[in-house]
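Architecture and fold: a report
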Amino acid sequence: MLRWLKADLHVHTVLSPCAELEMGPRAIVAAAAANGIGLLGITDHNAWANVPAVAALAAREGIAVLPGMEVQTREEVHVLCFFPDLASLAVVGEEIRRHLPRIENRPEVFGDQVIVDAEENILGFENTLLLNSVELTLEEVQDITRRAGGLFIPAHVDRPAFSLLANLGVVPPALEPDALEISGRVTPEEVKSLFPALTGYSLITSSDAHRLSDLATPRATWFYVAAPTLAEVVLALAGLEGRKVVIVSSLENKPHDLPGRL
Ligand SMILES: [Zn+2]
Ligand SMILES: [Zn+2]
């Protein structure tokens, strides 16, 4: 049976140096539950080590986690990459890591990059600065992601920095993104009138949370799916088999366009 599921597919943890130290797995899961989120994407910059901890805790709350990363490509464009399971995330994560410049983090400047387990024990610190571009193009990151059965979604495309449209001005013909993420500042209608190049793409919006309060967003992405899995999200983004995706204002709270409103 298909049902509506509220998603936030772009959340950072304490592994991202720019995220607040309050972004531990427990607090993230609690904030997701408080905001009615059923599907959570954990997407640290060029890294994945905290996904298992969040996924384990979220499962206890009935929240599914899409294992992911926010990769910064050679073009300084941010893309969300999601994988069917933790094993495939780990494989691609290590490949991405091999292409990250070996520049040491300076925690006093950029912030700590903390790796934790589900009990929030500190397992260690990532020493390589994660806030750099990997030595891979957009197309290469897309190919690596696809080979692992993953989803490829350029992030916050309407933002003035680290975005597809700001850096390249277009969606390059070689890219076939599963969707494009727009920031929470604009409606899909506004963004399409500002950037006609986005017409025809499935859109999602996410919090890009770096602090807990960010998870309460003005708009949210809702998927109409049979289960909170990557395979179902793929169908919804493609509009296949009755699955769909909509961006809903939090004032409306839930999607209205189908029978059986939640
Ligand atoms: Zn970003
Ligand atoms: Zn982000």
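Look up a bit, the structure's there.
Report on the accompanying structure.

Conventions and cut-offs
Residues numbered from 1 in each chain as written. Chains lettered and ligands numbered in written order. Predicted model: local features only at pLDDT ≥ 70, side-chain atom pairs only at ≥ 80, totals over all residues. Heavy atoms only, no water. Donors = N, O, S within 2.8 Å, 3.2 Å for Na, K, Ca; no water. Tetrahedral: all angles 85-135°; square planar, octahedral: opposite > 155°, others 65-115°. Pairing = 2+ DSSP bridges. Helix = DSSP H or I, 4+ residues; strand = E, 2+ residues; numbered from the N terminus. Axes fitted to C-alpha atoms, helices over the stretch in contact; angles between N-to-C directions. Contact = heavy atoms within 4.5 Å. Salt bridge = Lys/Arg side-chain N within 4 Å of Asp/Glu carboxyl O. Buried < 20%, exposed > 50% of the residue type's maximum accessible area, 1.4 Å probe, protein only.

Around the zinc ion (ligand 2), the protein contributes the donor atoms His10 (NE2), His12 (NE2), Glu70 (OE) and Asp208 (OD), which lie 2.0 to 2.2 Å from the metal centre. If you look at the zinc ion (ligand 2), its 4 donor atoms make angles of 81 to 174 degrees with each other, and the shape they trace is irregular. One chain supplies every donor to the zinc ion (ligand 2), and in sequence these donors are spaced H-x1-H-x57-E-x137-D.

One open sheet holds the 7 strands; their spatial order is S7-S4-S3-S2-S1-S10-S11, and the pairing between them is mixed. Only two strands of the sheet have a single neighbouring strand rather than two, namely strand S7 (151-154) and strand S11 (244-249). Strand-to-strand, the axes of this sheet are offset by a mean angle of 30 degrees, without reference to chain direction. Helix-sheet contacts for helix H5 (residues 138-147) involve strand S3 (64-72), strand S4 (78-82) and S7, and the interaxial angle to S7 is about 150 degrees.

Let us look at the pattern of salt bridges. Tallied over the entire structure, the rule returns 8 salt bridges. Where Glu241 meets Arg243, a salt bridge forms, and the shortest distance between an N and an O atom there is 4.0 Å. The exposure class assigned to Arg243 is buried, which follows from its relative accessible area of 14%. A cluster of three or more residues bridged by salt bridges with shared partners is formed by Glu232, Glu241 and Arg243.

So, on to the coordination of the zinc ion (ligand 1). All of the protein donors around the zinc ion (ligand 1) are Glu70 (OE), His78 (ND1) and His156 (NE2); their distances to the metal are 2.1 Å. A separation of 3.5 Å is found between the zinc ion (ligand 1) and the zinc ion (ligand 2), both of which receive a donor from Glu70. With His78 in strand S4 and His156 in the loop between S7 and helix H6 (164-167), the pair connects residues that are 78 residues apart, well separated along the chain. The pair His78 / His156 is uniform in exposure class, with both members buried.

For helix H2 (residues 51-60), the set of buried residues is Val51, Ala53, Val54, Ala55, Leu57 and Ala58. Tucked into the core, H2 has its buried residues touching helix H1 (25-34), strand S2 (39-42), S3, helix H3 (86-98) and strand S5 (114-116). Phi for Gly62, located one or two positions after H2, is positive at around 75 degrees.

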